Amino acid sequence: MGLEQKLGNMGVVTMSAEKAINWARTNAIWPMLFGLACCAIEMMSTQASNYDLSRFGMELMRASPRQSDLMIVAGRVSRKMAPVLRNLYDQMPEPKWVIAMGDCASCGGVFNNYAVIQGVDEIVPVDVYVAGCPPRPEALIDGILKLQDKIKKEPLTKWQ
Amino acid sequence: MEQTVTTANLDATVAALGDAVNDVRVFRDEVTLITTKGRVVEVLTHLRDAQHFDMLTDETCVDYLPKEPRFAILYQLYSTSRNIRVRVKVMLSEYDRSIPTAAGVWIAANWLEREIYDLFGINFENHPDLRRIMMPPGWEGHPLLKENPVKVEEVAFTFNRERVEADKPRAQE
């Protein structure tokens, strides 16, 4: 029961622009092709046929930050990589979201040392944290669904 | 068939080097020649030319804090023609962290010495290109020195979670 059943009879549906725009954004997120470590392997299998991320409208991994809305930080970020990551984030057009995939991206994980950023939220604002070392594809899909729920509730005024 | 250098077939080497080698240590068939920083290039050149140790497999450093001399520079050599290995060791004082470069003996030493300089702060005299290789160019300090803390962030438990969270840097939009 939803839009498609009403469409036939009514011809016109009224809804708020915010709802319509968020619905469009939710179901066509283009993630950036950006893997840093072993989590990237799980990210690849999430996109592959067994788990098939394209069920959620996210099959298109873009190799350019200019064309992506979502950055999945898959792996540990070294201090040398941090400026590069921030640069890529700044190059993404708004609206944009970030998923910290795995323990290393979320909080540094086992790498509590001088070379690794203790959580990618030190350099970019993170929307969803996915736990696991590395997270299974189901966990990443769960994180993406959480992000979709979040986008649906976002006020339109957030990205201005 | 892997075999290591034994003292028997290294006696001629040690004799040829004379007082350049201070000590020869053998542990589980691994031979270590102890020398000084003033004569290390002479020893390495002799091992390369006269003993056919044509490959520098690794050059590294050990920080023995709080002992003095504090640092050890180690050269792991391999002879492809003889299929044998030997290690050369030089002790360095905490107050004189410099040693002549081996980049003129094996070109492989160039990047290995840059790594030691980056992580331990040892100065290699007459090195062709002594700058950081691992850490970002603006990095302060040398991270593998023992005076550095092992962990950079305090581990959060229930009793200190609020303080650790408050100290953590956060990104802006």
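Counting of residues starts from 1 at the beginning of each chain's written sequence and follows it residue by residue. The lettering of chains begins at A and the numbering of ligands begins at 1, in the order of writing. Totals for whole chains, interfaces and linings use every residue, but because this is a predicted model, local features are given only for residues with pLDDT of at least 70 and side-chain atom pairs only at 80 or more, for both listing and counting. Think of the side-chain values as coming from all heavy atoms in the structure, minus any hydrogens and water.

Details of the sheet that holds strand β3 (residues 128-130) of chain A
Residue and element names in this part refer to chain A.
Move 1: In space, the three strands of this open sheet follow the order β1-β2-β3, with parallel pairing throughout. The open sheet is flanked by β1 (70-74) and β3, the only strands paired with a single partner. Across the sheet, the axes of successive neighbouring strands diverge by a mean angle of 15 degrees, strand direction being ignored.
Move 2: Whether two strands pair comes down to DSSP finding at least two bridges between them. Runs of H or I in DSSP of at least four residues are treated as helices and runs of E of at least two as strands, each being numbered from the N terminus. In this sheet, β3 lies alongside strand β2 (residues 97-101) in parallel orientation, the contact comprising three bridges. Residue I99 lies in a different strand from β3, and its bridge partner there is V128.
Move 3: Whether two residues touch is decided by their heavy atoms; if any such pair falls within 4.5 Å, the residues are in contact. Helix axes use the C-alpha atoms of the stretch in contact, all axes being lines fitted to C-alpha atoms, and the angles between their N-to-C directions lie in the range 0 to 180 degrees. Contacts from helix α3 (residues 39-47) reach β1 and β2 within the one sheet, and its direction differs from that of β1 by about 130 degrees.

A look at the pattern of salt bridges
Move 1: A carboxyl oxygen of Asp or Glu within 4 Å of a side-chain nitrogen of Lys or Arg is what we treat as a salt bridge. Enumeration according to the criterion identifies 23 salt bridges over all chains in this entry.
Move 2: When salt bridges that share partners are traced, they join D121 and E122 of chain A together with E153, R161, E165, K168 and R170 of chain B into one network.

Brief notes about the layout of surface pockets
Move 1: Any residue with an atom within 4 Å of a point lines the site, the site being either a cavity, points on a 1 Å grid over the protein atoms alone where a 1.4 Å probe fits but cannot get out, or a pocket, an open set with protein on both sides within 12 Å along at least 5 of 7 lines. Grid points are joined across faces, edges and corners, and a volume is the space filled by probe spheres set on the points. In this structure, the largest pocket occupies an estimated 310 Å³ of space.
Move 2: If you go around the largest pocket, you meet 15 residues; those closest to its centre are C107 of chain A together with E153, A156, V164 and E165 of chain B.
Move 3: Residue assignment for the lining of the largest pocket shows that the elements contributing at least two residues are α5 (102-107) of chain A together with α4 (161-167) of chain B.
Move 4: We call Asp, Glu, Lys and Arg charged. Ala, Val, Leu, Ile, Met, Phe, Trp, Tyr, Cys and Pro are nonpolar, and the rest, Gly among them, are polar. Tallied by class, the residues present in the lining of the largest pocket amount to four nonpolar, four polar and seven charged.

Description of the environment of P136 of chain B
Move 1: Mapped onto the secondary structure, P136 of chain B falls in the loop between β7 (123-125) and α4.
Move 2: Residues P136 of chain B and D118 of chain B lie 18 residues apart in sequence; the distance between their C-alpha atoms is 9.8 Å.
Move 3: Setting aside residues up to four positions removed in sequence, P136 of chain B forms contacts with R79 and K80 of chain A.

Some details on the confidence of the model for chain A
Move 1: Confidence per residue, as judged by the predictor, is encoded in pLDDT with a range of 0 to 100. Chain-level pLDDT for chain A is 86 on average; 93% of the residues reach the 70-or-more range.
Move 2: Element-level pLDDT for chain A is lowest in helix α1 (residues 3-10) of chain A, with a mean of 62, against a maximum mean of 93 in β3 of chain A.

Topic: the interface of chain B and chain A
Move 1: Contacts between the two partners involve 19 residues from chain B and, on the opposite side, 16 residues from chain A.
Move 2: As used here, buried area is the combined drop in accessible area, with a 1.4 Å probe, of two parts when they are placed together. The junction of chain B with chain A conceals about 1,400 Å² of combined surface from both sides, 54% of it contributed by carbon and sulfur atoms.
Move 3: Linking chain B to chain A there are three salt bridges.
Move 4: Pairs of N or O atoms are called polar contacts if they sit within 3.5 Å, as long as, within protein, a hydrogen donor faces a hydrogen acceptor (for residues adjacent in sequence, only side-chain-to-side-chain pairs). Seen at the junction of chain B and chain A, the total is seven residue pairs in polar contact (both at pLDDT 80 or more).
Move 5: Along the lines of polarity and charge, the residues of the side of chain B that touches chain A split into 13 nonpolar, one polar and five charged.

Quick notes on a nonpolar patch on the surface
Move 1: Taken together, V155, F157 and F159 of chain B make up a surface patch of nonpolar side chains, about 340 Å² in accessible area.
Move 2: In this structure, V155 of chain B sits in the loop between β7 and α4. Like charges within 9 Å and nonpolar side chains (Val, Leu, Ile, Met, Phe, Trp, Tyr) within 5 Å are joined into patches, using only residues over 30% in relative accessible area that form no salt bridge. Each accessible area is a Shrake-Rupley result for a 1.4 Å probe, and residues are judged covered by the shown protein chains and nothing else.

What about the side chain of D63 of chain B?
Residue and element names in this part refer to chain B.
Move 1: The residue D63 is located in strand β3 (residues 55-63) in this model.
Move 2: In terms of polar contacts, D63 uses its side chain to reach the backbone amide nitrogen of L65, at 3.1 Å.
Move 3: Reaching out from D63, the side chain makes a polar contact with the backbone nitrogen of K146 at a distance of 2.8 Å.
Move 4: What D63 contacts, discounting residues up to four positions off in sequence, is R70, F71, F120, L144, L145 and K146.

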